[in-house]
Amino acid sequence: MEVVILADATQIAGVAADAVGALLGRKPDAVLGLATGSSPLAIYDEVVARHDAGLVSFRQARGFTLDEYVGLPADHPERYRNVIDRVFVSRVDFAVGAVQGPDGLAADIPAACAAYESAIREAGGVDLQIVGIGTDGHIAFNEPGSSLASRTRIKTLTRQTRTDNARFFGGEVDSVPTHCLTQGLGTIIEARHVILIAIGIRKAEAVHHLVEGPVSAMWPATILQHHPHVTALLDDAAAHRLQLAGYYRETYRAKPDWQGI
Ligand code: GLP
């Protein structure tokens, strides 16, 4: 795993936007894996700015979101489908219908999950997956205990995740849905490049396990240690507990500019 420690979310956004731009430059019909949560917001803003400047286009690209709450009404502002439209998709030039998400309102949930897996496969798989990390080490909504080989399925959210996400529901933990659909760890790991973003001291413990801990279902993000191309973009606070922080900084500083992540 390449670990890149930067000063703040703005610098992280610049590096991630470079990777998105480079991918679309060589593969205009690339498939992007899009994450919700606050961590990727600065990246989306930076990519939108580059789109507005004519530097990048999503006209031929496609996208898949990672997860979705079960049961939120179609027009609920916190439904991830609506969130990703608001923060990113509607601000650039994706074709209508080019970005899909798991259907949290499906009557037949196992069928909807299987259909989502097929859609990703039929699109040729995800080229670049952007992912955040929960304070409990989840990626997407793969909570601790998730099978490291899991596929898209329904999960029960932990109280910690519902408490963390209550800020989007008027501070009311009871307003946060109890269930979600999420790409599995086995699904996410098939993306060709994974960029994980972690910002702030609240992520330091999860990042410590992610980068330097043993691979364990207790810290689901650790499955990424098995992936050949993962870039962890961290701010100083999120990297606070890394034993080899000095080594990661030195390695990144010595990297030639042309190489990218
Ligand atoms: C949610 C999302 C995850 C996200 C995590 C962290 O639970 N399902 O995909 O990574 O929150 O969110 P944030 O980036 O806001 O800290």
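A.B. asks: Outline the overall build of the chain, supporting the account with residue identities and numerical values.
C.D. replies: Across its full length, the chain holds eight helices and 10 strands. The C-alpha atoms of the chain give 17 Å as radius of gyration, which agrees with the globular expectation for 261 residues (18 Å, within 12%). Taken along the three principal axes of its C-alpha coordinates, the chain extends 55 × 40 × 35 Å. Evaluated residue by residue, the chain yields a buried proportion of 56% over its 261 residues. Surface exposure of the chain reaches about 11300 Å², of which carbon and sulfur atoms provide 54%. Looking at the chain, you have 23 positive and 30 negative side-chain charges, and the mean spots of the two groups are 2 Å apart.

A.B. asks: Explain the sheet that holds strand 4 (residues 67-69) to me, using residue names and the numbers behind them.
C.D. replies: Spatially, the three strands line up as an open sheet ordered 4-8-7, and their pairing is antiparallel. The open sheet has two edge strands, strand 4 and strand 7 (153-156), and neither has a second partner. For this sheet the average axis-to-axis angle between neighbouring strands, irrespective of direction, equals 30°. In this sheet, strand 8 (residues 179-182) lies alongside strand 7 in antiparallel orientation, the contact comprising four bridges. Paired with T156 across the two strands is H179, which belongs to strand 8.

A.B. asks: Can you lay out the site of the ligand for me, pointing to particular residues and giving the numbers?
C.D. replies: Not every one of the 13 residues close to the ligand is listed here, only the nearest: S38, S39, D67, R167 and K203. Between I133 and the ligand, the recorded distance is 3.5 Å, taken from a backbone N or O atom to an oxygen atom. Side-chain polar atom of R167 to an oxygen atom of the ligand: 2.9 Å apart, as the coordinates give it. Here the ligand, which alone exposes 390 Å², has 95% of that area covered by the protein. Counting atoms within 2 Å of the grid points, the majority share of the ligand lands in the largest pocket. The residue inventory of the shell around the ligand, partitioned by class, reads four nonpolar, six polar and three charged.

A.B. asks: So what's going on with the layout of surface pockets? Which residues, and what values?
C.D. replies: Quantified by volume, the largest pocket comes out at close to 550 Å³. Every residue lining the largest pocket is counted, 31 residues in all, and those nearest its centre are T36, G37, S38, N165 and R167. When contributions to the lining of the largest pocket are tallied by element, the ones reaching two or more residues are helix 3 (80-87) and helix 5 (159-165). Here the element with the most residues in the lining of the largest pocket is helix 3; it accounts for four residues.

A.B. asks: With reference to specific residues and values, describe unusual backbone geometry.
C.D. replies: Non-glycine residue A140 carries a positive phi angle of around 50°. Relative to the helices and strands, A140 is located in the loop between strand 6 (128-131) and strand 7. Residue A140 is classed as buried on the basis of its relative accessible area, which comes to 8%.

A.B. asks: Outline the side chain of D136, supporting the account with residue identities and numerical values.
C.D. replies: Looking at where D136 falls in the secondary structure, it is placed in the loop between strand 6 and strand 7. The buried charged residue D136 lacks any salt bridge partner; its closest oppositely charged side chain belongs to K203, at an N-O distance of 9.0 Å. A polar contact is formed between the side chain of D136 and the side chain of H138, at a distance of 3.0 Å. Engagement of the side chain of D136 in a polar contact is seen with the side chain of T161, the distance being 3.4 Å. Apart from residues no more than four positions distant in its own chain, D136 is found in contact with E143, P144, T158, Q160, T161, M218, W219 and P220.

A.B. asks: Summarise the environment of D127; cite the residues concerned and give the values.
C.D. replies: Mapped onto the elements, D127 comes out in the loop between helix 4 (109-122) and strand 6. Residue D127 is classed as buried on the basis of its relative accessible area of 7%. Sequence separation between D127 and G186 is 59 residues; the distance between their C-alpha atoms is 15 Å. Residues within four places of D127 in sequence aside, it is in contact with L23, K27, A30, V31, R192 and H193. A polar contact of 2.9 Å, which involves the side chain of D127, links it to the side chain of K27.

Parameters at a glance
- Position numbers for residues count from 1 along each chain, tracking the sequence in the order it is written.
- Where totals are concerned, whole chains, interfaces and linings use all residues; where local detail is concerned, this predicted model gives features only for residues with pLDDT of at least 70, and gives and counts side-chain atom pairs only at 80 or more.
- In computing side-chain properties, one takes all heavy atoms of the structure into account and sets aside hydrogens as well as water.
- The numbering of helices and of strands both runs from the N terminus, where a helix is a DSSP run of H or I of at least 4 residues and a strand a run of E of at least 2.
- Our radius of gyration is a C-alpha quantity, and the globule rule it is checked against amounts to 2.2 Å times the number of residues to the power 0.38.
- Here's how the labels work: a residue is buried when its accessible area is under 20% of the maximum for its type, exposed when over 50%, partly exposed in between, all with a 1.4 Å probe on protein chains only.
- For accessible areas, the Shrake-Rupley method is used with a probe of radius 1.4 Å. Any residue's cover is judged against the shown protein chains and nothing else.
- The charge count treats Lys and Arg as positive and Asp and Glu as negative. His and the chain ends do not count.
- Charged side chains are reduced to one point each, which is NZ for Lys, CZ for Arg, CG for Asp and CD for Glu.
- Criterion used throughout: strands pair if DSSP finds at least two bridges between them.
- To define axes, lines are fitted to C-alpha atoms, for helices over the stretch in contact only, and angles between the resulting N-to-C directions are given on a 0 to 180 degree scale.
- Any residue with a heavy atom positioned within 4 Å of a molecule or strand is treated as near that molecule or strand.
- Here a polar contact means two N or O atoms within 3.5 Å. Within protein one must be a hydrogen donor candidate and the other an acceptor candidate, and residues neighboring in sequence count only if both atoms are side-chain atoms.
- Here a cavity means grid points, on a 1 Å grid over the protein atoms only, where a 1.4 Å probe fits yet cannot get out; a pocket means an open set of points with protein on both sides within 12 Å along at least five of seven lines; lining residues are those with an atom within 4 Å of a point.
- Placement in a cavity or pocket follows one criterion, namely that more than half of the molecule's atoms lie within 2 Å of its grid points.
- Only Asp, Glu, Lys and Arg are considered charged, only Ala, Val, Leu, Ile, Met, Phe, Trp, Tyr, Cys and Pro nonpolar, and every remaining residue, Gly among them, polar.
- Grid points are joined across faces, edges and corners, and a volume is the space filled by probe spheres set on the points.
- Note on definitions: salt bridges are taken to be side-chain nitrogens of Lys or Arg within 4 Å of carboxyl oxygens of Asp or Glu.
- The contact rule is simple, with two residues in contact once any of their heavy atoms fall within 4.5 Å.

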